[in-house]
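# Topology and contacts: notes
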Protein chains: 2
Amino acid sequence: MSSPIDNRPVILTGDRTTGPLHLGHYVGSLKNRVALQQSHRQFLLLADMQALTDNARDPDRIRRNVLEVAFDYLAVGIDPLATTICVQSALPALAELTVLYLNFVTVGRLERNPTIKTEIQLRGFERDIPAGFLCYPVAQAADITAFKATIVPVGEDQAPLIEQTNEIVRRLNRQVGRDVLPEAEAMIPTVGRLPGVDGKAKMSKSQGNAIPLSASPDDIRQAVRVMYTDPDHLRAADPGKVEGNVVFTYLDAFAEDKDFVEDLKAHYRRGGLGDMVVKRHLEDSLQALLAPIRERRARYAADPGYVLDVLRQGTATAKERTEATFAELRAALGLFTFT
Amino acid sequence: MSSPIDNRPVILTGDRTTGPLHLGHYVGSLKNRVALQQSHRQFLLLADMQALTDNARDPDRIRRNVLEVAFDYLAVGIDPLATTICVQSALPALAELTVLYLNFVTVGRLERNPTIKTEIQLRGFERDIPAGFLCYPVAQAADITAFKATIVPVGEDQAPLIEQTNEIVRRLNRQVGRDVLPEAEAMIPTVGRLPGVDGKAKMSKSQGNAIPLSASPDDIRQAVRVMYTDPDHLRAADPGKVEGNVVFTYLDAFAEDKDFVEDLKAHYRRGGLGDMVVKRHLEDSLQALLAPIRERRARYAADPGYVLDVLRQGTATAKERTEATFAELRAALGLFTFT
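Let me begin by describing the structure that accompanies this report. (Residues numbered from 1 in each chain as written. Chains lettered and ligands numbered in written order. Predicted model: local features only at pLDDT ≥ 70, side-chain atom pairs only at ≥ 80, totals over all residues. Heavy atoms only, no water.)

## Re the overall build of chain A
Across its full length, chain A holds 14 helices and 5 strands. Principal-axis analysis of the C-alpha atoms gives chain A an extent of 80 × 45 × 40 Å. Looking at the 339 residues of chain A, the share that counts as buried comes to 54%. Positive and negative charge centroids in chain A, built from 41 and 44 side chains respectively, lie 3 Å apart. (Helix = DSSP H or I, 4+ residues; strand = E, 2+ residues; numbered from the N terminus. Buried < 20%, exposed > 50% of the residue type's maximum accessible area, 1.4 Å probe, protein only. Lys, Arg positive; Asp, Glu negative; His and termini not counted. Charge placed at Lys NZ, Arg CZ, Asp CG, Glu CD.)

## Examining helix 8 (residues 136-146) of chain A
Residue and element names in this part refer to chain A. Extensive coverage of helix 8 is indicated by the burial of 11 of its 11 residues. For helix 8, the full list of buried residues reads Tyr136, Pro137, Val138, Ala139, Gln140, Ala141, Ala142, Asp143, Ile144, Thr145 and Ala146. Of the residues flanking the end of helix 8, it is Lys148, one or two places downstream, whose phi is positive at about 50°.

## Remarks on the nonpolar core
Leu100(A), Tyr101(A), Leu100(B) and Tyr101(B) are the most contacted members of the largest nonpolar core, which has 110 residues in total. Core analysis: the second largest hydrophobic core is formed by 53 residues, Leu30(B), Val76(B), Leu213(B) and Val224(B) among them. (Core = buried A, V, L, I, M, F, W, Y, C linked by side-chain atoms within 4.5 Å.)

## Thoughts on the relation of the copies chain A and chain B
Screw-axis analysis of chain A against chain B gives a translation of 0.0 Å along the axis, an RMSD of 0.1 Å, and a rotation angle of 180°. Taken together, the rotation and translation relating the two chain copies correspond to the operation of a two-fold axis. A shared interface surface links the copies, since 100% of the contact residues of chain A are contact residues in chain B too. (Least-squares fit on C-alpha atoms with pLDDT ≥ 70 in both. Contact = heavy atoms within 4.5 Å.)

## Description of the packing of helix 9 (residues 159-176) of chain B against helix 14 (residues 304-333) of chain B
Residue and element names in this part refer to chain B. It is the contact of helix 9 with helix 14, at a shortest axis distance of 9 Å, that shows an interaxial angle of 45°. By the angle class used here, helix 9 and helix 14 are oblique. For the crossing formed where helix 9 meets helix 14, the hand is left-handed. Taken together, the residues of helix 14 that come into contact with helix 9 (itself represented by Leu172, Gln175 and Val176) are Leu329, Ala332 and Leu333. For the contact of helix 9 with helix 14, the residue count by class is 5 nonpolar, 1 polar and no charged. (Axes fitted to C-alpha atoms, helices over the stretch in contact; angles between N-to-C directions. Parallel < 35°, antiparallel > 145°, perpendicular 65-115°, else oblique. Left-handed = near helix turned anticlockwise from the far one by under 90°. Nonpolar A, V, L, I, M, F, W, Y, C, P; charged D, E, K, R; others polar.)

## Details of the pairing of strand 2 (residues 41-47) of chain A
Residues and elements named next belong to chain A. Where burial is concerned, most of strand 2 is hidden: 7 out of the 7 residues are buried. Neither face of strand 2 is exposed, since Arg41, Phe43, Leu45 and Ala47 on one face and Gln42, Leu44 and Leu46 on the opposite face are all buried. Relative to strand 2, strand 1 (residues 10-16) runs parallel, the two sharing 7 bridges. Residue pairing for strand 2: Arg16 is matched across the bridge by Ala47. Taking the sense of rotation as the criterion, the β-α-β connection linking strand 1, helix 1 (residues 23-36) and strand 2 turns out right-handed. Across 5 bridges, strand 2 lies against strand 3 (residues 83-87) in parallel orientation. (Pairing = 2+ DSSP bridges. Right-handed = clockwise from strand over helix to strand, strands pointing away.)

## Observations regarding the packing of aromatic side chains
Between two aromatic rings, the relevant description is the distance of the centres plus the angle of the planes. With the rule as written, the count across this model stands at 12 aromatic pairs over all chains. Between the aromatic rings of Phe43(A) and Phe147(A), the centroid separation amounts to 4.8 Å while the plane-to-plane angle is 40°, which identifies the pairing as tilted. In this pair, Phe43(A) is assigned in strand 2 and Phe147(A) in the loop between helix 8 and strand 4 (151-153), connecting sequence segments 104 residues apart. Their ring planes at 65° and their centres at 5.9 Å tell us that Tyr250(B) and Phe254(B) sit as a pair that is edge-to-face. Placement of both Tyr250(B) and Phe254(B) in helix 11 (residues 246-254) is noted, with a separation of 4 residues, approximately one turn of the helix. For Tyr250(B), a relative accessible area of 0% gives the class buried. (Phe/Tyr/Trp six-rings, centres within 6.5 Å; stacked < 30°, edge-to-face > 60°.)

## A word on the interface of chain A and chain B
Of the residues lining the interface, 51 residues belong to chain A; the matching set on chain B comes to 51 residues. Buried area between chain A and chain B, summed over both chains or domains, comes out near 4,300 Å², and the portion from carbon and sulfur atoms is 66%. Of all residues in chain A, Asn103(A), Phe336(A) and Phe338(A) bury the most surface against chain B, accounting for 16% of the area lost on that side. There are 0 salt bridges connecting chain A and chain B. One can count 14 residue pairs in polar contact (both at pLDDT 80 or more) joining chain A with chain B. (Buried area = accessible area lost by both parts, 1.4 Å probe. Salt bridge = Lys/Arg side-chain N within 4 Å of Asp/Glu carboxyl O. Polar contact = N/O pair within 3.5 Å; in protein donor to acceptor, adjacent residues only side chain to side chain.)

## So, the packing of helix 4 (residues 92-101) of chain A against helix 14 (residues 304-333) of chain A
Residues and elements named next belong to chain A. Two elements in contact, helix 4 and helix 14, have axes separated by 8 Å at closest approach and are oriented at 30°. With respect to helix 14, the element helix 4 is oriented roughly parallel. As helix 4 packs across helix 14, the resulting crossing turns out to be left-handed. Across the interface between the two elements, Pro92, Ala93, Leu94, Glu96, Leu97, Leu100 and Tyr101 of helix 4 pack against Lys319, Thr322, Glu323, Phe326, Leu329 and Leu333 of helix 14. In terms of residue class, the contact of helix 4 with helix 14 is built from 9 nonpolar, 1 polar and 3 charged.

## Structural notes on the pattern of salt bridges
Residues and elements named next belong to chain A. For the structure shown, the criterion picks out 42 salt bridges over all chains. When the shortest N-O distance is used, the salt bridge between Glu243 and Arg269 registers 2.8 Å. Pair noted here: Glu243 is in the loop between helix 10 (217-225) and helix 11 (246-254) and Arg269 is in helix 12 (residues 258-270), with a separation of 26 residues, a long-range link. Here Arg312 and Asp309 are joined by a salt bridge, their closest N and O atoms 2.7 Å apart. Highlighted residues: Arg312 and Asp309, both in helix 14, separated by 3 residues, approximately one helical turn. On the basis of relative accessibility, which here comes to 37%, the residue Asp309 falls in the partly exposed class. Via salt bridges that share partners, Asp6, Arg8 and Arg41 belong to a single interconnected network.

## Remarks on a negative patch on the surface
A surface patch of like charges, here negative, comprises Glu256(A), Asp257(A), Asp259(A) and Asp263(A). Considering the arrangement of structural elements, one finds Asp263(A) in helix 12. (Patch = residues over 30% accessible without salt bridge, like charges linked within 9 Å, V, L, I, M, F, W, Y side chains within 5 Å. Areas by Shrake-Rupley, 256 points an atom, 1.4 Å probe, with all protein chains shown as cover.)

Next up, the structure:
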């Protein structure tokens, strides 16, 4: 239970439980969540129901990764006393709000959602779109509003989903005649998306270009060894390009000493600095960053009972909060309730 | 709680709570429900969430009619000790199953549903179809399967909805590798649909051509007085038509003495029988049918606390049953559960 008066802004964020998290998640969101967890009332949703919207044939994988993602959270420093970690499929009010909100959004509006349009193409769904996939912006609106979150960290491409949420919020508040639900704001990360080790725009497990948070020292070494640099930088003596050179992008993201990175960049540009040397520096940074995360992760993975307890308690807290919102909205709309 | 072994076939039926029920409901379904409630394990769903799919702007009306429809049920002889009466919006597992099933149905399949296609036209929705309306066959599949109903009384035009349910059932059973959910069968009423008092095909409150179960003696008299007969039967002495003559359709449906009705028909056909006389017979039948229903209804309406208790108990029984189904399906699919 939180203290009686908790005026901190409410953040809802989380991850689809499709696989363990990787360095891209760390840079893009996990680090930020750790930094915000004291100043904000933060809820982390293990989004196993949303993961099903395009993985209905493989629920087993979705289930296994609920715990894997929870291990990742705790390993990077999410503190379960500060942050509420909860399991989406164990929160019935989220489904109840989804079914309710579906009545306040038209099919045409969902089909016009830019995020959905892009993702339908990416997944090659075309006319075989699962209805759950078309409707997932509504489910997301249910998640956000159920927690009364006012801040939702999302990638830039996901911002239309927050707009969809706020449309539903305004529609309901207008009908009810007062602000029963708060609008939410997208919190777009200031750091860009981390590319894959192969230089492709996005680090992703399915692309095989990701460094998972549980990577062993050897995995890290190997990933850095094959990492994409400047393909025209053939000899150490030649000048090299820093832009689009993944090793430098990673050094920017992970090296502690930014001045040192700037010196390295200057040296690389004018020539005389070999890829091997730069990569050694990056590897050192990554080994230093990931060693304690890997260690903590192994400890949690060895004690799943403890992690389950964390999820059980977080989910109980989240259940109370989301059911209170649903009850409040039901009453405001004038739906039937047993008294 | 039902007895430990209850092998009676399970029926799920119910009504959208958009208004009090009328004689059309009585002939088409209520009478049958009363007849089946001992031989079958019967669940009656007060479908307030489904009523919202095309009444999102008027939740107040939906709420008020939850009790009104319950009064109707009890008034016609639904026995709460035999039949479980429950409120849809108070059963979270129905929403949870809906959100789950949405992943197993494509948008294209929903758009091709003949019932939905017709109803979209009827309601003039076109491109402004609420997503909840497009998805309501999935919600209905959730209702039917949550209760593990094998028999679902529906009008002929609703039969495609049962087919949609069974498609989802087969899809899930195939994925799970065993019959975790039963298929359902449509039970199509043998008596045709009761026309409105104006001769239009369907009795409907919104058309103003309905006789509600709570109709006063004067209401009944007035409804029969203006009832559509044979427009060419101008003088009593003339031969009249029985086909399409609403008074005779109603006599067929409501008069106790079928031989007497046949005699009346013959007399009317050959001439010499005035509309007034036939209407008097019909009025007598309707007054006799509705008097005890109206009386019982008034008694229940005067004691809403008792009726709320009936709904509370029925909903508790239904909650247990529907949540057990959801838990069973979750486990079978291999979704996450706290143990």
